[in-house]
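Read off the chains here:
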Amino acid sequence: MSTWQERFASGIDKQVNDAEKAGAFEDNPLVGKPLPGDGQPYREDWWITQKVAAERVGAHALPLPLALRREAQDLRKGLVGERPAGSEAALRTAIEDYDERSDAARRTPQPGPSVVIPRVDADEAVAAWRQAREAK
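Not measured: the values here are computed from a predicted model. (Residues numbered from 1 in each chain as written. Predicted model: local features only at pLDDT ≥ 70, side-chain atom pairs only at ≥ 80, totals over all residues. Heavy atoms only, no water.)

> Where do I start with helix 5 (residues 122-135) in this structure?
Note on helix geometry: an α-helix contains 3.6 residues per turn, so any two residues three or four positions apart are oriented the same way. An ideal rise of 1.5 Å per residue puts 20 Å on 14 residues; helix 5 measures up with 20 Å between its terminal C-alpha atoms. All of the buried residues along helix 5 are Ala122, Ala125, Val126 and Trp129. Each buried residue of helix 5 sits inside an arc of 100 degrees when the element is viewed along its axis, so together they form one side. Across from the buried face of helix 5, at angles greater than 90 degrees, the exposed residues are Asp123, Glu124, Gln131, Glu134 and Ala135. Turning to helix 5, the residues buried within the fold contact helix 3 (64-76) and helix 4 (88-107). With a side-chain oxygen lying 3.1 Å from the backbone nitrogen of aspartate 123, the N-terminal cap of helix 5 falls on aspartate 121. (Helix = DSSP H or I, 4+ residues; strand = E, 2+ residues; numbered from the N terminus. Expected span 1.5 Å × (residues − 1). Buried < 20%, exposed > 50% of the residue type's maximum accessible area, 1.4 Å probe, protein only. Arc of directions from axis to C-beta. Contact = heavy atoms within 4.5 Å. Polar contact = N/O pair within 3.5 Å; in protein donor to acceptor, adjacent residues only side chain to side chain.)

What follows is the structure, given as structure tokens:
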């Protein structure tokens, strides 16, 4: 008589064998390659990093003050939504929207350590945007 472990293992082996015969593993992009992260030190929060990368969460995973700082950094380079602004008017509109949200964030207490939320000078951002367009 077999133990439950043997019966359980044989059931799993049967499912794997059936899947192999059906071709379920044929288009696996990792065949013959090391597992992602192999050789890297173990991190307890590895799954968070994978989830953020898979969902492309980006700035939405940051606390509000840090997300605003990052957005200000992009706006100063002439970027709107991580892409070059389509026009000067679009960049100025994005800066106005940012200024409203950053002013509101400065007036409200934020969790965590104190982070300076900068203002964005629209004229400097537009000059950087023009310079980047001319460089193309």
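> How should the packing of helix 4 against helix 5 be read in this particular structure?
It is at 10 Å that the axes of helix 4 and helix 5 come closest, and there the two elements cross at 145 degrees. Note on packing geometry: the crossing formed by helix 4 with helix 5 is right-handed. Contact with helix 4, carried on its side by Glu88, Leu91, Arg92 and Ile95, involves Ala122, Asp123, Ala125, Val126, Trp129 and Arg130 of helix 5 and no other residues of that element. Grouping the constituent residues of the contact of helix 4 with helix 5 by class yields six nonpolar, no polar and four charged. (Axes fitted to C-alpha atoms, helices over the stretch in contact; angles between N-to-C directions. Left-handed = near helix turned anticlockwise from the far one by under 90°. Nonpolar A, V, L, I, M, F, W, Y, C, P; charged D, E, K, R; others polar.)

> Could you clarify how one ought to interpret the pattern of salt bridges in this entry?
Pairing is possible between side chains of opposite charge, provided their charged atoms come close. Taken as a whole and judged by the stated rule, the model has eleven salt bridges. Residue aspartate 99 is joined to arginine 119 by a salt bridge in which the shortest nitrogen-to-oxygen separation is 3.8 Å. Linking aspartate 99 in helix 4 with arginine 119 in the loop between helix 4 and helix 5, this pair joins segments that are 20 residues apart in sequence. Look at arginine 119 and you get partly exposed, because its relative accessible area is 47%. (Salt bridge = Lys/Arg side-chain N within 4 Å of Asp/Glu carboxyl O.)

> I would appreciate a short explanation of the packing of helix 3 against helix 4 in the present structure.
When two helices pack together, their arrangement is captured by the angle between the axes and the distance separating the axes. Between helix 3 and helix 4, the least distance of the axes is 11 Å, while the angle of their chain directions is 155 degrees. On the basis of their axis angle, the class for helix 3 and helix 4 is roughly antiparallel. In this structure, helix 3 crosses over helix 4, and the sense of that crossing is left-handed. Along its contact with helix 3, which presents Leu64, Leu68, Glu71, Ala72 and Leu75, the element helix 4 presents Leu91, Ala94, Ile95, Tyr98, Arg101, Ser102 and Ala105. (Parallel < 35°, antiparallel > 145°, perpendicular 65-115°, else oblique.)

> In this structure, what is going on with the environment of glycine 112? I would like to understand it.
Its location among the elements puts glycine 112 in the loop between helix 4 and helix 5. Look at glycine 112 and you get exposed, because its relative accessible area is 60%.

> What is the right way to read the nonpolar core from this model?
Within soluble globular proteins, side chains that are nonpolar tend to cluster in buried spots. Counting residues in each nonpolar core, the largest one holds 15 residues, and the members touching the most others are Leu75, Leu91, Ile95, Tyr98 and Val120. For this core, the secondary-structure elements that each account for two or more residues are helix 3, helix 4 and helix 5. Examining the composition of this core, we find that five residues originate from one element, helix 4, more than from any other. (Core = buried A, V, L, I, M, F, W, Y, C linked by side-chain atoms within 4.5 Å.)

Any functional reading would require information beyond the geometric quantities listed.
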